[in-house]
Amino acid sequence: MQLYQEQTVRIHNSLTGKKETFIPLNEGQIGMYVCGPTVYSNVHLGNCRTFMSFDMIFRYFRHLGYKVRYVRNITDAGHLVDDAEDGEDKIAKKARLEQLEPMEVVQRYTLDFHNILEKFNFLPPSIEPTATGHIIEQIEIIKEILKKGYAYEINGSVYFDVVKFNKSNDYGKLSGRKLEDMIANTRELTAQDDKKSPQDFALWKKAEPEHIMRWPSPWGDGFPGWHLECTAMSTKYLGETFDIHGGGMDLKFPHHECEIAQAEASNGKSPVNYWLHANMLTLNGKKMAKSTGNSILPGEIFSGENNILSKPFSPSMVRFFMMQAHYTSILDISNDALLASEKGFNKLMEAINSIKSLPEGKKTNFDINTWRQGCYDAMNDDFNTPILIAKLFDAVKHINLIKENTESITIEDKDLLLQTMQNFTFDILGLENKKSSNVDSEKLSGVVELLIQLRKEARENKDFATSDKIRDQLAGLGIQLKDGKEGTTYSL
Ligand code: AMP
Ligand code: ZN
């Protein structure tokens, strides 16, 4: 008997706007596709949040005993600047600016992506395919869509005919838009435009002479449209219809809407049963994005080298902070929120580490099976990690009362408690038991704060020799002090 036979997962499906009971196409197996990063710059914390949400979902399904094939692609071609239909490829642009081969750019930022995800304790996906590795598959889909009459070729490019598709299908069903409204709200096409309608999107773009990322095709040298790679790779590895497709909320339109249109136009089938969208991480109330510069890199958080946070935070702590919000809610990152979260994180780790040494008694004061099912209920309810964490803290409260001999626990319940806490905290939330190093970092933080205070007092007394000595000696130990309007902070 597998756990998934006892636990019923309900998922908020973006396609229907409802929470639905999750039933996979094949019993015990799940096919899940998540849009991966465009590897033209370092992955920022916002990207990490989306991938972390799906890592947690992947982990939970695996815990329930499902055999999950998790495909997360790498976009290494075809994604144009500003997600536009015209313009430079994001990777080619970076290659031009840095005088690198496009594949050097791809390699550099794919490595960065993997390195950061490893720090955050992500599980690797089952398959991580690239867009450039699937050009042939993309060309085959274009041929199929052309054959079905939902695309047209013009001047070496091929466009998807949205107006024609919408006559027999519903373009806009995922994002809740109506084609008529979209048409009314867009500018008229200019004479230079090849498209028949502004809503049409590129399946294949003719490469101008200066476009370095190019491949031969039946329509001449060019490159695939951004939306096509995900249709090609998800179909290839998961089939024409599969269970789950995920990505950030900002990909719902046009990217995912176009994926649905491409699949339905080429094979007449709805590609995905459950669409999941993770919400955005904001910084100072604004969406975190590489393109606007309102972003923070994970490495800058781990080292403390940034102008936003007062101290460094460990990857597992940041992961805990993210898991305290539901994946469909917006989460704003701030120094205060991280500091508050760190207290909770350390408390949780301390409690888990003390379970083994709890005294064993004749009875248990709380119903451990009901509590354990409560943890499952939280996760079964659309992966509600904040409720799960509240449940874990219910257990922390009991653990602390048992430590004080105010409550007791039997030996059997102690084992079950330890196993359940470990399952949910480490296997499902993906946190790492870094309590001891966190205590070290807390101590270090206390010592550095003390020195910052002593340096401040020295400066107030005009004792600059002492204040400089504190700053320089800390720098010698790799601890940089930064004086700002809000006071002095430090980085490692
Ligand atoms: P990109 O590399 O820009 O294609 O984005 C990779 C993934 O990160 C996509 O699923 C985006 O939706 C997601 N993403 C981008 N910005 C944010 C953000 N601020 N918060 C959460 N997810 C984001
Ligand atoms: Zn995609």
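Data block above holds the structure.
We now turn to the structure provided with this report.

What counts, and at which threshold
Residues numbered from 1 in each chain as written. Chains lettered and ligands numbered in written order. Predicted model: local features only at pLDDT ≥ 70, side-chain atom pairs only at ≥ 80, totals over all residues. Heavy atoms only, no water. Helix = DSSP H or I, 4+ residues; strand = E, 2+ residues; numbered from the N terminus. Buried < 20%, exposed > 50% of the residue type's maximum accessible area, 1.4 Å probe, protein only. Contact = heavy atoms within 4.5 Å. Areas by Shrake-Rupley, 256 points an atom, 1.4 Å probe, with all protein chains shown as cover. Phe/Tyr/Trp six-rings, centres within 6.5 Å; stacked < 30°, edge-to-face > 60°.

## Focus on the overall build of the protein
No. 1: Helix and strand counts for the protein stand at 16 helices and 15 strands.
No. 2: In terms of overall dimensions, the protein has C-alpha extents of about 75 × 65 × 35 Å along its principal axes.
No. 3: Burial analysis of the protein (492 residues in total) assigns 53% to the buried set.
No. 4: Within the protein, contacts between residues separated by at least 24 positions form 73% of all contacts whose residues are at least 6 apart in sequence.
No. 5: Split by element, the accessible area of the protein, about 22,000 Å² in all, is 49% carbon and sulfur.

## Considering the environment of I91
No. 1: Note on placement: I91 falls in helix α2 (residues 90-98).
No. 2: For I91, a relative accessible area of 1% translates into the label buried.
No. 3: Separated by 14 residues in sequence, I91 and A77 place their C-alpha atoms 6.8 Å apart.
No. 4: Excluding anything up to four places from it in sequence, I91 contacts T38, V39, Y40, T75, D76, A77, P102, V105, V106 and M213.

## Some remarks on the packing of aromatic side chains
No. 1: Counted by the stated rule, this structure contains 22 aromatic pairs.
No. 2: Look at F120 and F302: their rings are 5.4 Å apart centre to centre, the planes differ by 75°, and that puts the pair in the edge-to-face class. Highlighted residues: F120 in the loop between α3 (102-119) and α4 (135-147) and F302 in helix α9 (residues 298-303), separated in sequence by 182 residues.
No. 3: With relative accessibility at 1%, the residue F120 sits in the buried group.
No. 4: Using a relative accessible area of 17% as the deciding quantity, one classes F302 as buried.
No. 5: Centre to centre, the rings of F160 and F201 are 4.8 Å apart; their planes meet at 10°, and the pair counts as stacked.

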